Amino acid sequence: MPANLPPQYFETERKLRTAKTPQEKMGILEELLAIVPKHKGTEKLQALLKTKIAKLKSSACLRPAIARHGPSYLIEKSGAGQVIVIGPPNAGKSMLIKALSGANPEIGEYPYTTHIPSPYMMKYENVQIQLIDTPPITPDCIETWLPEMIKLADGVLFVLDPGSEGAETLFEALLLKLRERKIELVSENSDIPAEKQLLLKRTLIVANKMDERPAAENVNNLRILFEGQFEILPVSAWRGDGLKELRMKIFSLLQIIRVYSKAPGKKIDFDEPFTLKRGSSVLDMARAVHKDFVEKLKYAKIWSKNKYQGQMVNRDHILEDEDVIELHI
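In this report, we go over the structure that sits alongside the text. (Residues numbered from 1 in each chain as written. Predicted model: local features only at pLDDT ≥ 70, side-chain atom pairs only at ≥ 80, totals over all residues. Heavy atoms only, no water.)

## A look at the sheet that holds strand β10 (residues 299–303)
Taken in spatial order, the 5 strands make up an open sheet running β9-β8-β12-β10-β11, and their pairing is mixed. Among the strands making up the open sheet, the edge pair consists of β9 (274–277) and β11 (309–313). Taking the axes of each pair of neighbouring strands and ignoring which way they run, one obtains an average angle of 35° across the sheet. Here 5 bridges tie β10 to strand β12 (residues 323–328), and the two strands are oriented antiparallel to one another. In the strand pairing of β12, Trp 303 is matched with Val 324. Packing of helix α9 (residues 282–289) onto the sheet brings it into contact with β8 (256–261), β9, β10, β11 and β12, and relative to β9 it is tilted by some 135°. (Pairing = 2+ DSSP bridges. Helix = DSSP H or I, 4+ residues; strand = E, 2+ residues; numbered from the N terminus. Axes fitted to C-alpha atoms, helices over the stretch in contact; angles between N-to-C directions. Contact = heavy atoms within 4.5 Å.)

## A closer look at the pattern of salt bridges
The full count for this structure, using the stated rule, is 16 salt bridges. The structure contains a network of salt bridges with shared partners spanning Glu 125, Arg 258, Lys 305, Asp 321 and Glu 322. (Salt bridge = Lys/Arg side-chain N within 4 Å of Asp/Glu carboxyl O.)

## Side note on a nonpolar patch on the surface
Among the surface-exposed residues, Leu 74, Leu 152, Leu 198 and Leu 199 lie close enough to one another that they form a single nonpolar patch of about 400 Å² accessible area. By the secondary structure assignment, Leu 74 is in the loop between α3 (43–66) and β1 (82–86). (Patch = residues over 30% accessible without salt bridge, like charges linked within 9 Å, V, L, I, M, F, W, Y side chains within 5 Å. Areas by Shrake-Rupley, 256 points an atom, 1.4 Å probe, with all protein chains shown as cover.)

In structure tokens, the structure reads:
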């Protein structure tokens, strides 16, 4: 029986000639496997493609383990916090980062376009938040350096394509693989003890590609499966749906507040707030302004959205988001 391969197969096959990394080749081969018509005449071709994919997965994941020193990456934190973006192949991570940041990460028509971690800045109102794009993860392959990057980040954005086949099962498998590497993803509002901040990571689950019909139909399955554990945020990076709420959720994920410093007799600069951990006090604010203020601080005045209008408060007073503080030394 003839294979009767469509023209799209040969166009995609030509990409293999210029593919350089195992991840890129793997992605193209998986795309070819999806294009191949499923009938008896293509059984040998399907088996050949599957064998090549398996060999590439093995070489991509085992080589760093065999080497004495595998690659490692450390991206210095910038802005109000660092959120690492992870997810399986073709979930649309890079497209989502482009939509959130306005930057131009490499976006391909095949999986594994992202090979190394790359930082981008997302603006939320008057603060910048750092997003780290990463190579895709699968139950068979997680880059050796990625768990350490996740542990050091302030939060995790886990991007899924709910319209893909077996999305729920894949998500569960990936959660298990991360647990094997001593990483437990928890809900965005979880209280994390200081001694477990490297192991428990607050996480947002993003159901991307909601502009596609299968995703819209299947996202409820994810919500039912993980009810009480994670909130599933539906978005469309391509169409822009849900991005405003997602930015707000990412800011909330960091559990920080913005505080404005007011010099006596001068106007307030609302463009460059100090960012502090939620639960910070006036004393913490003084320390952020200048280390000498900690010992010299006599009192502070505070202005807030609903309660305070220039009242004096002590150094232990707990601050809230967008409080204005006038320090007196």
